[in-house]
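# Structural features, examined
Here is how the chains run, residue by residue.
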Amino acid sequence: MSGHSKWHNIQKTKGAADAKRSAAFTKIAKEIIVAVKTGGSGDPANNSRLATVIAKARANNMPNDNIKRTIEKALGSGSTDSYEAVTYEGYGPGGVAVIVEALTDNRNRTAPEVRHIFDKYGGNLGATGCVSWSFDQKGVLVIEREDLDEDTVMMDALDCGAADFEPEEEVFTVYTAPEDFAAVVSALEDKGYTFLSARVEMVPQNYVSLTDEGDIKNMEKLIDLMEDNDDVQNVWHNWED
């Protein structure tokens, strides 16, 4: 792997994430609704997409009651929530590759908002496929090192079906194929592991460094505003911040 620090990234965003916990739960609930409707089942054992979202919800400390209520809402005949998955690709300051994943009930609202943020902070919205070729989709599980034995965690992860394992000073990062993500999460949970983060991510094949202070500030603002947008679910980029 690139050596990009998952611990640094988690530390940097944890305070903001805690402050925005309600908004985060709302976004995850939207993902659960889409997963139930597209998968045709409220049972994660029969709906791999739902199992993946539930793993993400639990890693974000979303209460089980919230998860259950959201699934029931999606299954209910009176549910009128209808979201469409849309992915936008473009470039931030200094040529940083950016992928924005959204769930929206109105493309005509979301697309101009995303374009505006790109334009305002030194980037530009590109064509579909302009940067996604330089990312790999992977399940990413981050486990706090604490007093855990590195060799034991690595063997447990590989035994549970992980594809790769990366130790850092403060955390262990476990990588899976996207289709194996939910199964690996479940198997590691059965062994007693908990996660600082667990989700399917777009992982950059290489990273870009920014040295200009203006570019750095603009990139930070671009990411923050994208993540604050109600329609945006995930923002992936290859900035080595």
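Structure's up top.
This text gives an overview of the structure that appears in the document. (Residues numbered from 1 in each chain as written. Predicted model: local features only at pLDDT ≥ 70, side-chain atom pairs only at ≥ 80, totals over all residues. Heavy atoms only, no water.)

### Remarks on the packing of aromatic side chains
Taken as a whole, this structure holds 1 aromatic pair when the rule is applied. Geometry around Tyr175 places Lys138 over its ring, the cationic atom sitting 5.5 Å from the centre. (Phe/Tyr/Trp six-rings, centres within 6.5 Å; stacked < 30°, edge-to-face > 60°. Lys NZ or Arg CZ within 6 Å of the ring centre and 35° of its normal.)

### Looking at the sheet that holds strand S5 (residues 164-167)
Spatial ordering of the open sheet is given by S5-S6-S4-S7, a layout of 4 strands whose pairing is antiparallel. Each of the sheet's edge strands pairs with one partner strand only, and the pair in question is S5 and strand S7 (197-204). On average, each strand axis in the sheet is tilted by 30° relative to the strand beside it, whichever way the strands run. One ladder, built from 6 bridges, connects strand S4 (residues 135-144) with strand S6 (residues 171-176); its direction is antiparallel. Residue pairing for S6: Val140 is matched across the bridge by Tyr175. Most of the contacts of helix H6 (residues 150-159) go to S5, to which it runs at about 160°, and overall it touches S4, S5 and S6. (Pairing = 2+ DSSP bridges. Helix = DSSP H or I, 4+ residues; strand = E, 2+ residues; numbered from the N terminus. Axes fitted to C-alpha atoms, helices over the stretch in contact; angles between N-to-C directions. Contact = heavy atoms within 4.5 Å.)

### Focus on the side chain of Glu31
You can see Glu31 is positioned in helix H2 (residues 21-39). Setting aside anything within four residues of it in sequence, one finds Glu31 in contact with Val53, Lys56, Leu103 and Gln233.

### Section: the nonpolar core
Counting residues in each nonpolar core, the largest one holds 20 residues, and the members touching the most others are Val98, Val100, Phe118, Met219, Leu222 and Met226. When contributions to this core are tallied by element, the ones reaching two or more residues are strand S1 (84-91), strand S2 (97-104), helix H5 (107-120), helix H8 (213-228) and strand S8 (232-237). Examining the composition of this core, we find that 5 residues originate from one element, H8, more than from any other. When residues no more than four places from it in sequence are discounted, the contact partners of Val100 are Val86, Thr87, Tyr88, Val114, Phe118, Met226, Val232 and Asn234. Of all hydrophobic cores here, the second largest spans 18 residues; its members include Val153, Ala162, Val174 and Leu188. (Core = buried A, V, L, I, M, F, W, Y, C linked by side-chain atoms within 4.5 Å. Buried < 20%, exposed > 50% of the residue type's maximum accessible area, 1.4 Å probe, protein only.)

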